[in-house]
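# Coordinates in review
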Amino acid sequence: QVQLVESGGGLVQTGGSLRLSCVASGLPFSIHATAWFRQAPGKEREFVSAISQAGGTTHYADFVKGRFTISGDNAKNTVYLQMNSLKPEDTAVYYCNRATIWGKGTLVTVSS
């Protein structure tokens, strides 16, 4: 009933773009921000970006600044992550998070 569902992952070449979506269902208004994390093969899960629905403030990990843009549409209960200039090291499963709720992830693969 309460869930976050990611979509938009896929296969792209170096320099390509993808737009990820995170749709929330069964969740009331929250003071918590919505965040994107990613986990590459053999590595720990790491923070990518976050947005506050109430204040509209955004945060980015240094390694994606200038390439990724996070945005939200409260009416659609959706948060987006626009990813440009993708690199092979961006290959990972991308997860949406809000408070203690996690999505199942969407796979992004960047080939060189």
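Here the structure is shown first, and the text comes after it.
Residues numbered from 1 in each chain as written. Predicted model: local features only at pLDDT ≥ 70, side-chain atom pairs only at ≥ 80, totals over all residues. Heavy atoms only, no water.

## With respect to the overall build of the protein
- Summing up its helical and strand segments, the protein has 0 helices and 11 strands in all.
- Helices and strands in the protein line up, N terminus first, as β-β-β-β-β-β-β-β-β-β-β.
- Relative to a compact globule of 112 residues, whose C-alpha radius of gyration would be 13 Å, the protein shows 13 Å and is just as compact.
- Along the longest, intermediate and shortest principal axes, the C-alpha atoms of the protein span 40 × 25 × 25 Å.
- Each of the 112 residues in the protein was classed as buried or not, and the buried ones make up 39%.
- If you take every contact in the protein between residues at least 6 apart in sequence, the share linking residues at least 24 apart comes to 52%.
- With an accessible surface of roughly 6200 Å², the protein has 52% of that area assigned to carbon and sulfur atoms.
- Once the 10 positive and 7 negative side-chain charges of the protein are each reduced to a mean point, those two points are 4 Å apart. (Helix = DSSP H or I, 4+ residues; strand = E, 2+ residues; numbered from the N terminus. Rg over C-alpha atoms; globule rule 2.2 N^0.38 Å. Buried < 20%, exposed > 50% of the residue type's maximum accessible area, 1.4 Å probe, protein only. Contact = heavy atoms within 4.5 Å. Areas by Shrake-Rupley, 256 points an atom, 1.4 Å probe, with all protein chains shown as cover. Lys, Arg positive; Asp, Glu negative; His and termini not counted. Charge placed at Lys NZ, Arg CZ, Asp CG, Glu CD.)

## Some thoughts on the environment of Ala 99
- Structurally, Ala 99 is set in the loop between strand 9 (92-98) and strand 10 (101-102).
- Not counting residues up to four positions away in its chain, the partners in contact with Ala 99 are His 32 and Ala 33.

## Notes on the pattern of salt bridges
- Going through the model one piece at a time under the given rule, you end up with 4 salt bridges.
- Residues Glu 46 and Arg 38 are paired through a salt bridge, measuring 2.8 Å at the closest nitrogen-oxygen approach.
- The exposure class of Arg 38 is buried, given its relative accessible area of 6%.
- One salt bridge in this structure joins Asp 90 and Arg 38, with 2.9 Å as the shortest N-O distance. Taken together, the positions of Asp 90 in the loop between strand 8 (78-83) and strand 9 and Arg 38 in strand 4 (residues 34-39) put the pair 52 residues apart, joining distant regions of the chain. (Salt bridge = Lys/Arg side-chain N within 4 Å of Asp/Glu carboxyl O.)

In short, geometric facts, not functional conclusions.
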